[in-house]
Amino acid sequence: MILIVFFDLPVKTKKQKRTASLFRKYLLKDGFFMMQYSVYIRISKNYALLEKHINRIAKHAPNEGSVKTLIITKQQYDDIREFVKNNKHFINIDKNYKNSSKILYL
C-alpha cells in the first residue's frame, strides 16, 4: 500500500514559508519521499500502518493551506505514466514502473 500526500501551502510571508518548510521536513523525517514538489509518498505493508501516518499528518498539518492524503495499491502505482514537456511537445517517458521495488525520484 502506498500513501500519497498532496499539499498546497501558502508561502507569501516569512512565517508561512517556515511553516511549509517544517511540514516538508516532518514528512521526510516520517519516512516519506518526494515524488514531485508538494507530493510525497510512503510505502507500507498494510492499511493500519498508513492510518497511523495519516493521523500524524493531521496533527502536524499547518493551520493554513490544504493537505490531502490518498491510499493506493502497489499495482495502481505501477500504472503511473510519466509525460515530460520539451519544446512545447509532450514526450511519453516509457519507464517500467511494474515490478519495481524502488521509489523513483523524479
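These numbers were taken from a predicted model, which means no experiment stands behind them. (Residues numbered from 1 in each chain as written. Predicted model: local features only at pLDDT ≥ 70, side-chain atom pairs only at ≥ 80, totals over all residues. Heavy atoms only, no water.)

Caption draft 1: Quick look at helix H1 (residues 14-29). In this model H1 runs 22 Å from its N-terminal to its C-terminal C-alpha over 16 residues, within 8% of the 22 Å that 1.5 Å per residue would give. Taken together, the buried positions of H1 are Gln 16, Ala 20, Phe 23, Arg 24, Tyr 26 and Leu 27. Buried residues of H1, viewed axially, fall in a sector of 155°; they line one side. Set apart from the buried face of H1 by more than 90 degrees, the exposed residues are Lys 14, Lys 15, Arg 18, Lys 25 and Lys 29. Of the residues trailing H1, Gly 31 is marked for its positive phi of about 95°. (Helix = DSSP H or I, 4+ residues; strand = E, 2+ residues; numbered from the N terminus. Expected span 1.5 Å × (residues − 1). Buried < 20%, exposed > 50% of the residue type's maximum accessible area, 1.4 Å probe, protein only. Arc of directions from axis to C-beta.)

Caption draft 2: Main features of the packing of aromatic side chains. Scanning the entire structure with this criterion turns up 2 aromatic pairs. Note on Phe 7 and Phe 23: the rings are 5.3 Å apart at their centroids and 90° apart in plane angle, and the pair reads as edge-to-face. Pair noted here: Phe 7 is in strand S1 (residues 2-8) and Phe 23 is in helix H1, with a separation of 16 residues, a long-range link. Judged by its relative accessible area of 7%, Phe 7 is buried. We classify Phe 23 as buried; its relative accessible area is 2%. Judged by centre distance (5.7 Å) and plane angle (25°), the rings of Phe 7 and Tyr 40 are stacked. Taken together, the positions of Phe 7 in strand S1 and Tyr 40 in strand S3 (residues 39-43) put the pair 33 residues apart, joining distant regions of the chain. For the pair Phe 7 and Tyr 40, a shared accessibility class is recorded, and that class is buried. (Phe/Tyr/Trp six-rings, centres within 6.5 Å; stacked < 30°, edge-to-face > 60°.)

Caption draft 3: Region of interest: helix H2 (residues 47-60). In this model H2 runs 20 Å from its N-terminal to its C-terminal C-alpha over 14 residues, within 8% of the 20 Å that 1.5 Å per residue would give. Those residues of H2 that sit buried are Leu 50, His 53, Ile 54 and Ile 57. On an axial view of H2, the arc spanned by its buried residues comes to 105°, and they lie on one face. Turned more than 90 degrees off the buried face of H2, the exposed positions are Ala 48, Ala 58 and Lys 59. Those residues of H2 hidden inside the fold are in contact with S1, H1, S3 and strand S4 (66-72). You can read the cap of H2 off the contacts: a side-chain oxygen lies 3.2 Å from the backbone nitrogen of Ala 48, and it is on Asn 46. (Contact = heavy atoms within 4.5 Å. Polar contact = N/O pair within 3.5 Å; in protein donor to acceptor, adjacent residues only side chain to side chain.)

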